[in-house]
Amino acid sequence: MALSPHEYSGQSISKLMYAVVISLLPAMAVGIYVFGWAALSVTVTAVVSCVIFEYVLQAFVLKRRITALDGSAVITGILLAFNVPSNLPFGLIVIGSFVAIVVAKMSFGGLGNNIFNPALVGRVFLLTSFPVQMTTWPKPFAVDGVTAATPLGIMKEGVAAGSPVSDLMQQVPSYLDLFLGKTGGCIGEVSAAALLIGFAFLLWRKVVTWHTPVAMLVGVGMFSGILWMIDPSRFANPVFHLLSGGVMLGALYMATDYVTSPMTPRGMMIFGGAIGILSVLIRSFGAYPEGVSFAILIMNAFVPLIDKFCKPRRFGE
Amino acid sequence: MTQHTMKSFPMGGIHPQDHKLSADQAITSLPVTETVSVFFSQHIGAPATPLIKPGDQVKTGQLIAESAGFISANIHSPVTGTVVKFEEVMDASGYKKTAAVIKVADDEWEDGIDLTPDLKTDIPADPDLIRQKVQKAGIVGLGGATFPTHVKLGVPSGKAAEVLLVNGVECEPYLTADHRLMLEKGREILVGIRIALAALGLKKAIIGIENNKPDAIKYLQSLLTGEDPISIQALKVRYPQGGERQLVKALTGREIPPPPRGLPIDVGAVVLNVATCKAIYDAVQKNKPLIERVITVTGCSIQKPSNFLARIGVPIQSLIDAAGGLPEQTGKVISGGPMMGKSLASLDCPVTKGTGGIVVFDAEVARRQDMMDCIRCGKCVSVCPLGLEPYLLAALVERNMLDRAEAEKITNCCECACCTYTCPSSRSLLDYIRLGKTAVLKAMRERQQK
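Residues numbered from 1 in each chain as written. Chains lettered and ligands numbered in written order. Predicted model: local features only at pLDDT ≥ 70, side-chain atom pairs only at ≥ 80, totals over all residues. Heavy atoms only, no water.

A. Quick look at the packing of aromatic side chains. Taken as a whole and judged by the stated rule, the model has eight aromatic pairs over all chains. Judged by centre distance (5.1 Å) and plane angle (70°), the rings of Phe40(B) and Phe86(B) are edge-to-face. With Phe40(B) in the loop between strand 3 (35-39) and strand 4 (49-50) and Phe86(B) in strand 8 (residues 80-90), the pair connects residues that are 46 residues apart, well separated along the chain. Look at Tyr174(B) and Phe361(B): their rings are 5.6 Å apart centre to centre, the planes differ by 75°, and that puts the pair in the edge-to-face class. On the criterion of sequence distance, the pair formed by Tyr174(B) in the loop between strand 10 (163-168) and helix 3 (177-184) and Phe361(B) in strand 18 (residues 357-362) is long-range, its members being 187 residues apart. For Tyr174(B), a relative accessible area of 2% translates into the label buried. A cation over an aromatic ring shows up here: Arg205(A) above the ring of Trp204(A), its NZ or CZ 5.6 Å from the ring centre. Over the ring of Phe39(B) we find Lys97(B); its NZ or CZ atom is 5.1 Å from the centre of that ring. (Phe/Tyr/Trp six-rings, centres within 6.5 Å; stacked < 30°, edge-to-face > 60°. Helix = DSSP H or I, 4+ residues; strand = E, 2+ residues; numbered from the N terminus. Buried < 20%, exposed > 50% of the residue type's maximum accessible area, 1.4 Å probe, protein only. Lys NZ or Arg CZ within 6 Å of the ring centre and 35° of its normal.)

B. A look at the sheet that holds strand 7 (residues 75-76) of chain B. Residues and elements named next belong to chain B. Spatially, three strands are ordered 4-6-7 in an open sheet, and the strand pairing comes out antiparallel. Because the sheet does not close on itself, it has two edges, and the strands there are strand 4 and strand 7. Where strand 4 meets strand 6 (residues 63-66), two bridges bridge the pair, whose relative direction is antiparallel. The partner of Thr49 across the bridge, within strand 6, is Glu66. (Pairing = 2+ DSSP bridges.)

C. Spatial organisation of a nonpolar patch on the surface. All names here are of chain A. Where nonpolar side chains cluster on the molecular surface, the patch consists of Val44, Val48, Ile52, Tyr55, Val56, Phe60, Val61, Leu62 and Ile66 and spans about 790 Å² of accessible area. Relative to the helices and strands, Val56 is located in helix 3 (residues 37-61). By relative accessible area, Val56 is classed as partly exposed at 36%. (Patch = residues over 30% accessible without salt bridge, like charges linked within 9 Å, V, L, I, M, F, W, Y side chains within 5 Å. Areas by Shrake-Rupley, 256 points an atom, 1.4 Å probe, with all protein chains shown as cover. Salt bridge = Lys/Arg side-chain N within 4 Å of Asp/Glu carboxyl O.)

D. Region of interest: the domain arrangement of chain A. Residue and element names in this part refer to chain A. Per the domain assignment, the segments making up chain A are domain 1 (13-148 + 178-196) and domain 2 (208-311). If you average the C-alpha positions of domain 1 and of domain 2, the two centres end up 20 Å apart. The interface is formed by 29 residues belonging to domain 1 together with 20 residues belonging to domain 2. Where domain 1 touches domain 2, the interface holds zero salt bridges. Counting every contact that joins domain 1 to domain 2 gives four residue pairs in polar contact (both at pLDDT 80 or more). Of the residues that constitute the side of domain 1 that touches domain 2, the class distribution is 19 nonpolar, eight polar and two charged. (Domains from an automatic or database assignment. Contact = heavy atoms within 4.5 Å. Polar contact = N/O pair within 3.5 Å; in protein donor to acceptor, adjacent residues only side chain to side chain. Nonpolar A, V, L, I, M, F, W, Y, C, P; charged D, E, K, R; others polar.)

E. Examining the environment of Pro257(B) more closely. Along the chain, the position of Pro257(B) falls in the loop between helix 6 (244-252) and strand 13 (269-273). Here the alpha-carbon distance between Pro257(B) and Val267(B), two residues ten residues apart in the chain, equals 8.5 Å. Setting aside chain neighbours within four positions, we find Pro257(B) in contact with Gly316(A), Gly262(B), Asp266(B) and Val267(B).

F. Main features of the pattern of salt bridges. All told, the structure shown has 33 salt bridges over all chains when counted by the stated rule. The salt bridge partner of Glu408(B) is Lys311(A), with a shortest N-O separation of 3.2 Å. One end of the pair, Glu408(B), is in the loop between helix 12 (402-407) and helix 13 (418-422); the other, Lys311(A), is in the segment after helix 16 (292-309), on a second chain. Judged by relative accessible area, which is 10%, Glu408(B) ranks as buried. With a shortest N-O distance of 3.6 Å, Glu317(A) and Lys409(B) are connected by a salt bridge. Taken together, the residues Glu317(A) in the segment after helix 16 and Lys409(B) in the loop between helix 12 and helix 13 connect one chain to another. When its relative accessible area of 48% is taken as the criterion, Glu317(A) is described as partly exposed.

As structure tokens, this is what we get:
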């Protein structure tokens, strides 16, 4: 005797996860185009480390069903790599992968049970422990060893030194270059265009919904817009905020992580909107030039609360 | 008039592959087997009281068990022959129930039953007479719920009916019995609907049909005149479009309050299945009791997917034999559709008034995937047509937190199975929810008694 239903969608964790992997390929390609083969080697290192750490834990320590190749560790590896500079030393990539998989994911019980986005925990661990290596950015399209500040870095330093934003905007790449990815930064975050193409694929395959990213982008746009209207000499305009740094990568790929985001559309909108506001808040008033990672991790902690209060509308009530 | 804008329900739902393999197969009569087993309870409510005993001779259409209460239904002999014994027989749900085993000798119908195919369109004007005839014929809802139809045709005091909704949706994958019936017995169905309107004193009926049956929509439309009280509404192809709450919402825009108090009549609607309307026609116009029904027998490996007009009481094995036999690679046989049907423990299980389809699944397809941890993808929440959170309900039941499951409205669940269907972690969400729902309903009853 088996209970209904007797037919299934055929959807599986691996199919969803590998769809996400495929959707990240355009951003990978732009990363390699801008930063050279180093971008690929960092990504491969992170992916292989993540999968091996998960496999070793499941096979030898936890002695559980092995799901290291279900695609989720691959995504964690790719996203960790996408959130670091392409010149990051090999050892640090492995340490970041260890923190992401062992500390942030498996110690909470593995896929589905972790509270914080594993790749971001790995990234923030590296950023706070190895701030120099994590903020030494290779110059786009340059030979090895040449470094340059990122647009957000230029903005942060410049405003701190008292330069008006209008002058600083002359020093950063054009909006078109920011959109296409001809700019400095982390491997996967530079091209909004490539990330959007990948995300369109995910929407088409119904892997994710639009709620979190749209809410986050609206949050970034509106809050930075308000600040900009208050004082355009101290605060960058919304378009710059939306196209620079990790906003696109964060909105489309980090905040949409199934496990660490809310379950209902209304919850997702609140979650996304709050991440957007927090990101701009940290960028504009915090010590770091970029705040997307911190904003997402902070909001990850609120997900259980959001789920508790954002119920779907019950039919008939 | 057909409304060409398609309507649907407001939240959730899925699009399973429709697999309507038998859609082009005309309804054929299934030969009667040597013996049949007729349950005394084939409906929701009290089992009927037997009027026969072993050794008795019965004729086709003869009343053999009488309705035992307000919510109960008459049972008639589907064959002519000798009652051999009363026996405990397993039904589709796996429980044993008393059945009369009848050895078939002949097919001699009771007097007064009109077996000619002539269409009779003159409708009796007296609502009580209609209800009496419907009750006498033992008609129950043929969509699967098997609620006694005469009860539905009388509006309880304090309630008011405004519209009759006719369910021709057939949203379960594979099933085509209602589809064929609409194509082949459309005139009879429409007369049946007019009879139901007369019984309810209503002036408006809407037939809801999923848009994957354009031929049925077109054909029924061709039988209607401009001023007809009956209209047809095409509905979006989306499961569970034929669920009572979804259908009422799609056709009237009104939401039935959640169970246990909510019924269609609370929003002014009476819902009947198309096959039930055909049975009403047979009962009122032809004096014919409900002793046979159309059943789809299908499956991807079934040789001849078919729609049979089968007598109540024949073993399901005989239906499968008539469709080319049980394929070697069969994993399970479902009574009903793949989304809400029950897998059968035995093919000896007899056909009942509620049997709408038999779907045969290959072993490979029948096997459930290993259950993984919930990855919180939210798909179950987004497909729930009732706005529930299946992942949460299942987790609460798993931890035996039934009070919270009750507060999260576990009893609203209609068991459409969209959640389990869609889950990428292959979690048995509905299994947990069913378990919790039963326990919560029991606790609620106990509280009420105190």
